[in-house]
Amino acid sequence: MKTTLLDGFTPAKFDKHIIGNLLLDVASVDDVRKEKMLIGVRNEEGDIYRLIGATKVNSFMNAVEELGELGLIDELQNTEEPKDGYDAIFSEA
């Protein structure tokens, strides 16, 4: 899986836990956006500051599970369709 920080947005206080718990390769925004499935992570201000891209469904599901175990909530968990290009958007409860 690939990840990048979006310019102009402050990382969330819990961001170090994401990096610590998920095996992520740092890549450019363009490279991450080319991945099959995208996860957005919101900071405390409600801005999506981090993108995580997964090529395989099982990698995506593992990321979703890990983020959930960190206490983050997927805003799209009860929807079938992606929103704004994201397959999942995580934020603090």
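Please read these numbers as outputs of a predicted model, since none were measured by experiment.

Student: Which parts of the structure should I look at to understand the overall build of the chain?
Tutor: Within the chain one finds three helices and six strands. Taken from the N to the C terminus, the helices and strands of the chain come in the order β-α-β-α-β-β-α-β-β. Here the chain has a C-alpha radius of gyration of 12 Å; the compact-globule value for 93 residues is 12 Å, and the two agree. Its C-alpha atoms put the chain at 30 × 30 × 25 Å along the principal axes. Counting over 93 residues, the chain shows a buried share of 41%. Carbon and sulfur atoms make up 48% of the accessible area of the chain, which totals about 5600 Å².

Student: Quick question: what am I supposed to make of the sheet that holds strand E4 (residues 48–54) here?
Tutor: Strands in a sheet are paired, the pairing made by backbone hydrogen bonds, and the direction either parallel or antiparallel. Strand order in the open sheet formed by six strands is E2-E1-E4-E3-E6-E5, and the pairing between neighbours is mixed. Because the sheet does not close on itself, it has two edges, and the strands there are strand E2 (25–26) and strand E5 (72–74). Running over the sheet, helix H3 (residues 57–69) touches strand E3 (37–42), E4, E5 and strand E6 (88–92) and is turned about 15° from E3.

Criteria and thresholds
- Residues numbered from 1 in each chain as written.
- Predicted model: local features only at pLDDT ≥ 70, side-chain atom pairs only at ≥ 80, totals over all residues.
- Heavy atoms only, no water.
- Helix = DSSP H or I, 4+ residues; strand = E, 2+ residues; numbered from the N terminus.
- Rg over C-alpha atoms; globule rule 2.2 N^0.38 Å.
- Buried < 20%, exposed > 50% of the residue type's maximum accessible area, 1.4 Å probe, protein only.
- Areas by Shrake-Rupley, 256 points an atom, 1.4 Å probe, with all protein chains shown as cover.
- Pairing = 2+ DSSP bridges.
- Contact = heavy atoms within 4.5 Å.
- Axes fitted to C-alpha atoms, helices over the stretch in contact; angles between N-to-C directions.

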